[in-house]
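Here are the chains, one letter per residue:
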Amino acid sequence: MSDVLALFRIQKLELVIIDRTKRIKAINAQLEDDAALQAAQAVVDAAREAYENAAKQANELGTQIASVSDKRSESEARLYSGINNNPRELADMNREVEALARRKSSLEDELRRLAADRDTLLQRAEEAEAELAELQEQRQQENQALIGDRDALSGEVRAMLAQRKEGIQEIPPELFQRYNSMRSAKSNRPVAELRDGACTICGIEQNSSVLSAMYRTDAIVTCQNCGRILIRL
Ligand SMILES: [Zn+2]
């Protein structure tokens, strides 16, 4: 195998390695991206908080109702105890009992509304939690598939790197060094195929001196336009 052909094979291998490595990086980025999960978690947190606030308010109202109810019972007991016979005081006590009864009834109405809100909020929180759980499960399955792909790609890259190491041994060190120094400027393609008298990468037709050099010698010939090492396949 000619040196340039060996070099061209290394280039092909490196291009595949670069492609696989890019895919591995893209998979890693996908694995790290949990924006959707975070958004779903935020919905759950907000729904839970709203429910807990409503539940707390309802509990406090329940306590308040019990206290009003106790007060009313006490007032009623005093009213009907027969200890006090003063008509004006009895009338005051009666008004107080009635006021407490009205207060209790209005608090109970409020509690009914609050309890209904609380139940709705609980339902919403539970729905949000179910959605989050579903998303997590789906995500886990997707991640498993992605990790499988990534492992396969990593295995391929490892094998290709070993192949590359072996292939480099066949190339004269100074030629490989020249190739390496051209790599970044030539977009990882320092070697170009010559086809129908033209460089296949820049597309420029080569003049007769380049063409005759390609046919005549084993020396390294470069594209007259882009400077890439030319190969005839
Ligand atoms: Zn060229």
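Residues numbered from 1 in each chain as written. Predicted model: local features only at pLDDT ≥ 70, side-chain atom pairs only at ≥ 80, totals over all residues.

### Observations concerning the overall build of the protein chain
Part 1 of the argument: Across its full length, the protein chain holds five helices and three strands.
Part 2 of the argument: Across the protein chain, helices and strands are ordered from the amino to the carboxyl terminus as α-α-α-α-β-β-α-β.
Part 3 of the argument: Relative to the 2.2 N^0.38 estimate, which gives 17 Å for 233 residues, the radius of gyration of the protein chain is 42 Å and therefore markedly larger than a compact globule would have.
Part 4 of the argument: Pairs at least 24 residues apart make up 72% of the contacts formed inside the protein chain by residues separated by at least 6 positions. (Helix = DSSP H or I, 4+ residues; strand = E, 2+ residues; numbered from the N terminus. Rg over C-alpha atoms; globule rule 2.2 N^0.38 Å. Contact = placed C-beta atoms within 7 Å.)

### Topic: the sheet that holds strand E1 (residues 191–195)
Part 1 of the argument: On the basis of which strands lie adjacent, the open sheet formed by three strands has the order E2-E1-E3 and mixed pairing. At either margin of the open sheet sits one strand with a lone partner, and together these are strand E2 (198–199) and strand E3 (229–231).
Part 2 of the argument: Where E1 lies against E3, three bridges are found, and the strand directions are parallel. Across the sheet, glutamate 193 pairs through a bridge with isoleucine 231, a residue of E3.
Part 3 of the argument: Sitting on the sheet, helix H1 (residues 3–32) touches E1 and E3, and the angle it makes with E3 is about 100 degrees. (Pairing = 2+ DSSP bridges. Axes fitted to C-alpha atoms, helices over the stretch in contact; angles between N-to-C directions.)

### Re the packing of helix H2 (residues 35–79) against helix H3 (residues 87–169)
For any two helices packed against each other, the geometry comes down to the angle between their axes and how far apart the axes lie.
Part 1 of the argument: Here H2 crosses H3 at 160 degrees, and the two axes come no closer than 7 Å. Looking at the two axes, H2 sits roughly antiparallel to H3. As for how H2 packs across H3, the hand of that crossing is left-handed.
Part 2 of the argument: Residue classes in the contact of H2 with H3 are distributed as 30 nonpolar, eight polar and 16 charged. (Parallel < 35°, antiparallel > 145°, perpendicular 65-115°, else oblique. Left-handed = near helix turned anticlockwise from the far one by under 90°. Nonpolar A, V, L, I, M, F, W, Y, C, P; charged D, E, K, R; others polar.)

### What to know about unusual backbone geometry
Part 1 of the argument: The backbone of asparagine 188 shows a phi angle near 65 degrees, a positive value even though the residue is not glycine.
Part 2 of the argument: Turning to its location among the elements, asparagine 188 is positioned in the loop between helix H4 (173–183) and E1.
Part 3 of the argument: Owing to 13 C-beta atoms within 10 Å, asparagine 188 belongs among the partly exposed residues under this scheme.
Part 4 of the argument: Although it is not a glycine, aspartate 196 sits at a positive phi angle of roughly 50 degrees.
Part 5 of the argument: When you line up the elements, aspartate 196 lands in the loop between E1 and E2. (Buried ≥ 20, exposed ≤ 12 C-beta atoms within 10 Å, placed from the backbone.)

### Here we look at the nonpolar core
Part 1 of the argument: Core analysis: the biggest nonpolar cluster contains 13 residues, and Val4, Leu7, Val191, Ile229, Leu230 and Ile231 have the highest contact counts within it.
Part 2 of the argument: Once residues lying within four places of it in the same chain are set aside, the contact partners of valine 4 are Val191, Ile220, Ile229 and Ile231. (Core = buried A, V, L, I, M, F, W, Y, C linked by C-beta atoms within 7 Å.)

### Details of the domain arrangement of the protein chain
Part 1 of the argument: When its domains are assigned, the protein chain resolves into domain 1 (34–169) and domain 2 (173–231).
Part 2 of the argument: On a C-alpha basis, the centres of domain 1 and domain 2 stand 71 Å from each other. (Domains from an automatic or database assignment.)

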